[in-house]
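Reading the structure
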Amino acid sequence: MEGFKTCARRPAHLLHSGIRSRPSPATASIGNMAPRLSDFEKGQIDALHRLCLTPRAIAARLRPRPDKTRPSYKTVERFLKNRGKKRVFKKPGPARTISPKLERRLIRHVITDRLTSAQAVTELQLACSARTVRRILQRSPEVRIIAQRRKFFISEKNRVKRLAFAREYVHKPLSFWKNVIFSDEKIFRLDGPHGYNKTYQRTRGPEPAPTMRRHSGGGSAMFWGAMSWHGLSTLHRVQGSLNAERYRQVMLNVMMPWALELPWRLDQPDCPFIFQQDNAPGHAALSTRELFDTVGIALLDWPARSPDLNPVENLWAIVSRRVHWQGRQFMRLDDMLPVIYDCWRTEAPKYVEALFESMPRRLQACIDAGGRQTKY
């Protein structure tokens, strides 16, 4: 039969017969895929490509195979494009145990019910491990992992009092706060502040030295301190717990002698300053109140559960960070006490004016939060 084109895979006399021809090794392929390029064909393509020929021209000049076929120009293009690249065949891995629908349900319940990965496996009866749940949450764009901040509890009664205090004093000028003395106590521990301190380190560097965690922090010391616009008080170490009797001694022997020497504006007839203290039992005791009434010291009507409104709390935090700078720990109190006194004398005074100037912003933040916790 003249003009009849035979198939490249089967001889002409087998086209209409029921006998299947077996492809030769040179033309064997997977499914309907074309045969792979042989090393000889790859060498031909390289040589012709050096002559600056196009893939079509290269495919037309290749030596025919035994079955009279040539690689297509697409095959030549693909070879030239991937030449020199290492082909990495990714293993498919095990089948997915969680469907996309179940994955969306998992994310919704974890966010709404605040479940941990282990709780999610139990509550939703998932056929996977908690580690698989964590991987799903980590790669999801809808979820971000954050550490929950610990905040002090504020009852509804205290919230109303905080809000009333903030509204009363938010518009006070800076000249008013310059006549206020803020005070509080602070406990320093040899092992450093409680909580997990996260640090950054090089991935190829040595492991950091482990931190010590001893019973009760290895030992502690309590200090009383106060701040005014004109400077800081003497840092007084409190022996034992600060009950009402010891607190009165601190007021008589430390606070009053220091406060009366400050350059106050003498525009008030009785007392040139206003004293602030929190509502600790030793502070709010009847004997302590009688002492202030007898001496004639005006007290700021401070609301309960309001450490975020007291700027001296931020000052103590600054001193604590400087004392335990870069995770420093101490073996004895005699080693830590000089560092505390030095930081109180040299580092703390740098932040006094900025903390006093933040009072209107603190009160406004309390109003915006409806009397609840603020970022301070």
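What this report covers is the structure whose coordinates are included nearby. (Residues numbered from 1 in each chain as written. Predicted model: local features only at pLDDT ≥ 70, side-chain atom pairs only at ≥ 80, totals over all residues. Heavy atoms only, no water.)

**Some points on the overall build of the chain**
Looking only at helices and strands, one finds 15 helices and six strands in the chain. Looking at the chain as a whole, 36% of its 376 residues are labelled buried. In the chain, once contacts between residues fewer than 6 apart in sequence are set aside, the share between residues at least 24 apart is 69%. As displayed, the chain has an accessible area near 25700 Å², and 53% of this comes from carbon and sulfur atoms. (Helix = DSSP H or I, 4+ residues; strand = E, 2+ residues; numbered from the N terminus. Buried < 20%, exposed > 50% of the residue type's maximum accessible area, 1.4 Å probe, protein only. Contact = heavy atoms within 4.5 Å. Areas by Shrake-Rupley, 256 points an atom, 1.4 Å probe, with all protein chains shown as cover.)

**Thoughts on helix α12 (residues 311-323)**
With 13 residues, α12 extends 19 Å from end C-alpha to end C-alpha; this agrees with the ideal 18 Å at 1.5 Å per step. Lining the buried residues of α12 we find β1 (180-189), β2 (220-228), β3 (231-232), α13 (333-346), α14 (352-357) and α15 (359-368). (Expected span 1.5 Å × (residues − 1).)

**Thoughts on the packing of aromatic side chains**
For the structure shown, the criterion picks out 14 aromatic pairs. For the ring pair F165 and W302, a centre distance of 5.3 Å and an interplane angle of 70 degrees mean the geometry is edge-to-face. You can see F165 sitting in helix α7 (residues 156-169) and its partner W302 sitting in the loop between β6 (298-299) and α12, a full 137 residues away along the chain. Overall, F165 belongs to the buried group, its relative accessible area being 4%. Look at W302 and you get buried, because its relative accessible area is 6%. Lying across the ring of F188, K186 places its NZ or CZ 5.9 Å from the centre. Its guanidinium or amino end placed over the ring of W325, R322 lies 4.6 Å from that ring's centre, counting from NZ or CZ. (Phe/Tyr/Trp six-rings, centres within 6.5 Å; stacked < 30°, edge-to-face > 60°. Lys NZ or Arg CZ within 6 Å of the ring centre and 35° of its normal.)

**Overview of the nonpolar core**
Among the nonpolar cores identified, the biggest contains 39 residues, and W177, F182, M227 and V323 are the most heavily contacted of them. Elements that contribute at least two residues to this core include exactly α7, α8 (174-177), β1, β2, α12, α13, α14 and α15. For this core, the element with the highest residue contribution is α13, accounting for six residues. Beyond its immediate sequence surroundings of up to four residues, V323 is in contact with F188, R328, F330, M336, V339, I340 and C343. Of all hydrophobic cores here, the second largest spans 21 residues; its members include Y247, L262, L291 and I297. (Core = buried A, V, L, I, M, F, W, Y, C linked by side-chain atoms within 4.5 Å.)

**Regarding the pattern of salt bridges**
Across all of its chains, the model carries 10 salt bridges by this definition. Shared partners join several salt bridges into a network, and the residues in it are R96, E103 and R139. (Salt bridge = Lys/Arg side-chain N within 4 Å of Asp/Glu carboxyl O.)

**Focus on unusual backbone geometry**
Even without a glycine there, the phi angle at K68 is positive, about 70 degrees. Inspection of the secondary structure assignment puts K68 in the loop between α2 (55-61) and α3 (73-82). In the Ramachandran plot, R305 falls in the positive-phi region, its phi being about 55 degrees despite a non-glycine side chain. Within the element layout of this structure, R305 appears in the loop between β6 and α12.

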